[in-house]
Amino acid sequence: MDFHPTQVAGDGPGADAEEEVWEAMKNALGTEHAGVAYYRYPVVDKAGGQFDREPDIVLLHEDCGLLVIEVKGYQIQHIERIEGQTWHLTGISQDYATPYSQARDQGFFIRGWFQREPDLRKDGKVVIPANFTVALPNITRDEWEDAGFADIPSSPRVITADDLSPQSLRRHLLEEPGDTEDVTPETIETAAAVLSGVQVISGNRTPPPPDPTTKGELYETLLSGLKRFDQSQETIGAEIPPGPQRIRGIAGSGKTILMAKRAAHLHAKDPDADVVLTYFTKSLSEELTDLTRHFHYQMTSAEPDMDSLQVIHGWGGKTVGEGIYFNVAQAAGVDPLTVHDTQEFRGGPIETLEECCRRLVQDNDIEPIYDAILVDEGQDFGKWFYRMCYEALREPEVGQRRLYWAYDEAQTLGDLEVPTAREVFGEDDDGNPVVDLSGSYSNGIQKSRIMRRSYRSPRENIMLAHAFGMGIQRDDGPLDAAITNQDTWRAIGYEVDGDFVSNDDTTLWRPDEYSPHPLQNKTEAKPTIRFEGFEDQDAEIEFVVKQIRRDLEERDLDPRDIMVVPLRNPGNATERFGSDIADALREHDIEPNLVWETEGGVFKQSGKVTISQVTRAKGNEAAQVYVVGADWVGDETSFVPLFARRNRAFVSLTRARAWCTVTGREGTAVAEELDGLVDEITGEQEFTFPGEYITASSDDSSEDHSLDDFDLLSGNNWDG
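Residues numbered from 1 in each chain as written. Predicted model: local features only at pLDDT ≥ 70, side-chain atom pairs only at ≥ 80, totals over all residues. Heavy atoms only, no water.

**Overview of the overall build of the protein chain**
For the protein chain, the count of helices and strands is 22 helices and 26 strands. Relative to its length of 720 residues, the protein chain is compact, with a C-alpha radius of gyration of 28 Å against a globular reference of 27 Å. Across its three principal axes, the protein chain shows a C-alpha extent of roughly 90 × 65 × 55 Å. A burial count over the protein chain gives 58% of its 720 residues as buried. (Helix = DSSP H or I, 4+ residues; strand = E, 2+ residues; numbered from the N terminus. Rg over C-alpha atoms; globule rule 2.2 N^0.38 Å. Buried < 20%, exposed > 50% of the residue type's maximum accessible area, 1.4 Å probe, protein only.)

**Quick notes on the sheet that holds strand β26 (residues 687-689)**
Taken in spatial order, the three strands of this open sheet run β18-β19-β26, and their pairing is antiparallel. Of all the strands in the sheet, just β18 (495-497) and β26 have a single pairing partner and so form its edges. Averaged over all neighbouring strand pairs, the angle between strand axes comes to 30°, with direction disregarded. Where β18 and strand β19 (residues 506-509) come together, three bridges link them in antiparallel fashion. Paired with D497 across the bridge in β19 is T507. (Pairing = 2+ DSSP bridges. Axes fitted to C-alpha atoms, helices over the stretch in contact; angles between N-to-C directions.)

**With respect to the environment of I529**
With respect to the helices and strands, I529 occurs in strand β20 (residues 529-534). For the pair I529 and L653, spaced 124 residues apart in sequence, the C-alpha to C-alpha distance is 9.4 Å. Other than its neighbours up to four places away in sequence, I529 contacts E460, N461, L464, C660, V678, I681 and T682. (Contact = heavy atoms within 4.5 Å.)

**A few points about the nonpolar core**
Within the largest apolar cluster, 50 residues are counted, with the highest numbers of intra-cluster contacts made by L464, F468, W489 and F687. Sequence-distant contacts of L464, that is, excluding residues within four places in its chain, are made with G469, I529, L653, L674, L677, V678 and I681. Core analysis: the second largest hydrophobic core is formed by 37 residues, F345, V375, F381 and Y386 among them. (Core = buried A, V, L, I, M, F, W, Y, C linked by side-chain atoms within 4.5 Å.)

**Structural notes on the sheet that holds strand β5 (residues 79-83)**
Taken in spatial order, the three strands make up an open sheet running β5-β6-β7, and their pairing is antiparallel. With partners counted over all chains shown, the strands left at the sheet margins are β5 and β7 (96-97), one partner each. With four bridges connecting them, β5 and strand β6 (residues 86-89) associate as antiparallel partners. Within β6, the residue paired with E83 across the bridge is T86.

**With respect to the pattern of salt bridges**
Counted under the stated rule, the structure contains 35 salt bridges. Across the pair R262 and E239 runs a salt bridge whose closest N-O atoms are separated by 3.8 Å. With R262 in helix α9 (residues 255-269) and E239 in the loop between α8 (231-238) and β12 (245-249), the pair connects residues that are 23 residues apart, well separated along the chain. When sorted by exposure, R262 lands in the same class as E239, which is buried. Two residues, E621 and R657, come together in a salt bridge whose shortest N-O distance is 3.6 Å. Note that E621 is positioned in the loop between α19 (614-617) and β24 (622-628) and R657 in strand β25 (residues 656-665), a separation of 36 residues in sequence. Residues joined in a network through salt bridges with shared partners are E18, R40 and D56. (Salt bridge = Lys/Arg side-chain N within 4 Å of Asp/Glu carboxyl O.)

**Digging into the packing of aromatic side chains**
Counted according to the given criterion, the structure contains 22 aromatic pairs. Relative to F149, the ring of W144 has its centre 5.1 Å away and its plane inclined at 55°; by these criteria the two rings are tilted. Since its relative accessible area comes to 1%, W144 is described here as buried. One aromatic cluster is present, built from ring pairs that chain together F280, F381, F385, Y386, Y390, W405 and F425. Over the ring of Y404 we find R262, and its NZ or CZ is 4.6 Å from the ring centre. When the ring centre of F468 is taken as origin, the NZ or CZ atom of R646, which lies over that ring, is 4.5 Å away. (Phe/Tyr/Trp six-rings, centres within 6.5 Å; stacked < 30°, edge-to-face > 60°. Lys NZ or Arg CZ within 6 Å of the ring centre and 35° of its normal.)

**Description of the side chain of N569**
Within the element layout of this structure, N569 appears in the loop between β21 (562-566) and α18 (572-586). Within the structure, N569 has its side chain in polar contact with the side chain of S638 (distance 2.5 Å). Beyond its immediate sequence surroundings of up to four residues, N569 is in contact with T574, W632, S638, F639 and V640. (Polar contact = N/O pair within 3.5 Å; in protein donor to acceptor, adjacent residues only side chain to side chain.)

**Thoughts on helix α10 (residues 285-300)**
For the α-helix, the turn length of 3.6 residues means that residues three or four positions removed from each other point alike. Spanning 16 residues, α10 covers 22 Å between terminal C-alpha atoms, matching the ideal 22 Å at 1.5 Å per step. Those residues of α10 not exposed but buried are L288, T289, L291, T292, F295, H296, Q298, M299 and T300. A positive phi of about 60° marks S301, the residue just after α10. (Expected span 1.5 Å × (residues − 1).)

**Considering the packing of helix α15 (residues 459-469) against helix α21 (residues 669-684)**
Between α15 and α21, whose axes approach to 10 Å, the crossing angle comes to 145°. Both α15 and α21 take part in a crossing whose hand is right-handed. Contacts between α15 and α21 involve E460, M463, L464, A467 and F468 from the first element and V670, E673, L674, L677, V678 and I681 from the second. Here the residues of the contact of α15 with α21 are counted per class, giving nine nonpolar, no polar and two charged. (Left-handed = near helix turned anticlockwise from the far one by under 90°. Nonpolar A, V, L, I, M, F, W, Y, C, P; charged D, E, K, R; others polar.)

**Observations regarding a negative patch on the surface**
Where like charges cluster on the molecular surface, the negative patch consists of D142, E143, E145, D146, D151 and D162. The exposure class assigned to D151 is exposed, which follows from its relative accessible area of 65%. (Patch = residues over 30% accessible without salt bridge, like charges linked within 9 Å, V, L, I, M, F, W, Y side chains within 5 Å. Areas by Shrake-Rupley, 256 points an atom, 1.4 Å probe, with all protein chains shown as cover. Lys, Arg positive; Asp, Glu negative; His and termini not counted. Charge placed at Lys NZ, Arg CZ, Asp CG, Glu CD.)

**Some points on the environment of D363**
By secondary structure assignment, the location of D363 is in helix α12 (residues 349-363). You can call D363 exposed: its relative accessible area is 58%. Spatially, the C-alpha atom of D363 lies 10.0 Å from that of V334, the residues being 29 residues apart in sequence.

**Considering the confidence of the model for the protein chain**
A residue-level look at the protein chain finds 90% of positions with pLDDT of 70 or above and a mean pLDDT of 87. Below pLDDT 50 for its whole length, residues 413-418 participates in 31 contacts with residues either more than four positions away or in separate chains. (pLDDT = per-residue confidence, 0-100.)

**Regarding the state of the cysteines**
Summed over all chains, the structure comprises zero disulfides. Of the cysteine sulfurs around C356, a residue in no disulfide, the closest is that of C357, at 6.7 Å. Assessed through its relative accessible area of 1%, C356 is described here as buried. (Disulfide = S-S within 2.5 Å.)

**Looking at the pairing of strand β2 (residues 35-39)**
A large share of β2 lies buried, amounting to five of its five residues. Of the two faces of β2, the one holding G35, A37 and Y39 and the one holding V36 and Y38 are both buried throughout. Here four bridges tie strand β1 (residues 2-5) to β2, and the two strands are oriented parallel to one another. Of the residues in β2, the one forming a bridge with H4 is Y38. Pairing between β2 and strand β3 (residues 57-61): five bridges, direction antiparallel. Within β3, the position partnered with A37 by the bridge is L59.

Encoded structure:
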């Protein structure tokens, strides 16, 4: 049984009663039972108007189906009489309540989602029964019966104080009326997936091909199934911490989806609150907006108010509209700096925004204008951006500013200067950290979360991206930022055979548990990674175009499902390379979408193959990705530092949802490195960290590197 407290309990007898019943349920059912339970499940019927608040407790279990529990902290003297569904009250702020009908309306609203799922219907009807009850932890069974309420025909089944022992409560919960004959563990698993909100990300599904063989058919099976959140994702997506929370996760772990879901939840819970979800990569705008709207509609059956729930860029500008920096500066009475105003600043867009935020925070009083700020792509923002956000938040209670940020553990195009919360947010006058991410809030909501599973790419793709990105088998040794301790590798989903202390080789691999990609164990889908070397660029382009033609004509892929990422010095060199590929595609009547030429940077266009720079590709994905010009990673004449070139390769490799083909100049050190890694990873499902470099990195530094060092695997975010 999975238990998901979506928020911290409030104050007062009502909140105390809810928490008492919730804790009793956890003790009664425990982890040995199959199912899921929520405290304050995020659903409000805004469109129908049948109920205006979330259910207190929702339980899904094989023995009782769906059970909604409305908890009341009343004492017996507070209930004057019960007439039909209405309870007349005295001695408290409420005059009347309809607890049972509210639980019933909430339950039928939720059960309506099950009707949309084919696996939960039989003969057109939902197989999971819906039950409803009222919990009264401050009233005993004798008090209830002595008052005559048990004899009233309309009186609901109630859970009283006497029923909160584990055995009694378990019997009461699991003996609810309703036909559960067709409810199986598989049924409960599917229903739990629906409750988690996955219908939003699963979309309109069609039955998958029965015997998929082509890439197009295999990719269709990947898209057609009901997607499911794992327990970690479900917990993070459902909870609303009262104060700051950091979410760290490997690329493809679902952070963007969960941030959108939380933003929608916050707005559904309090439509008048000023909630903002922000990002850095411009092309993410449409995806984040759509996800947020869809999640909100599922929770409420109503469209969100996009004035109160904003999805805006971190900076703002002509092409992206308003942004957080822009809004906070205006609220402080300061003219926001534009790109034109910052031409004398050193660095790329990330560093420039950071300097704008530093000046704003240090020179002005920041006006609190938001109730919650959610930051996606957190690795692309610096400490002054975070300090600006923190000061721009209203604080209902000390230490309870709702700033949530998610960042990729090993994917930074910018430089999060200081990884610790103390250094990012600073200290107060007593030397204590302004933001403390240790421990958890009440109800067990953790202040920092780590997500180890990667869903976007097959295991081989992720392993190649990490090994090549860190230069683990580079001739001159791994980069200084390479991870050199067991705990950090395990934090991003690897198993480790080696201690990183002796000079013995260390072997690393990803178990299925942390790489549950549907295609990675299918023989028909192999290989998911490959490297090909060529004498010159013309031969390389000819090969890539030939493969794309086969993808379209023989392998049944849609043009929109193919992405080409040319690796060259950012700017003109990248665009020239991409244009050469585009010209070659046009010669074969294949239309390209050169992202940098489209208005607003539209990433995918119907009927066109996407060609994109790394910075635009970041945050997007495709079934088949071609990373072209990998030899540039070893170009010592490039003005882009080595660690930034490697980072760009890492980002490119992790764009593939299924297949990734890497090409480059043959006979180079990079080609030999890629050849060796691909052979080892596809053959042995593992890669080796050479022991000779364990205690001495390529610059002779003996420091033990951790994930926070690898967060610095970045450089200036040059355009391109």
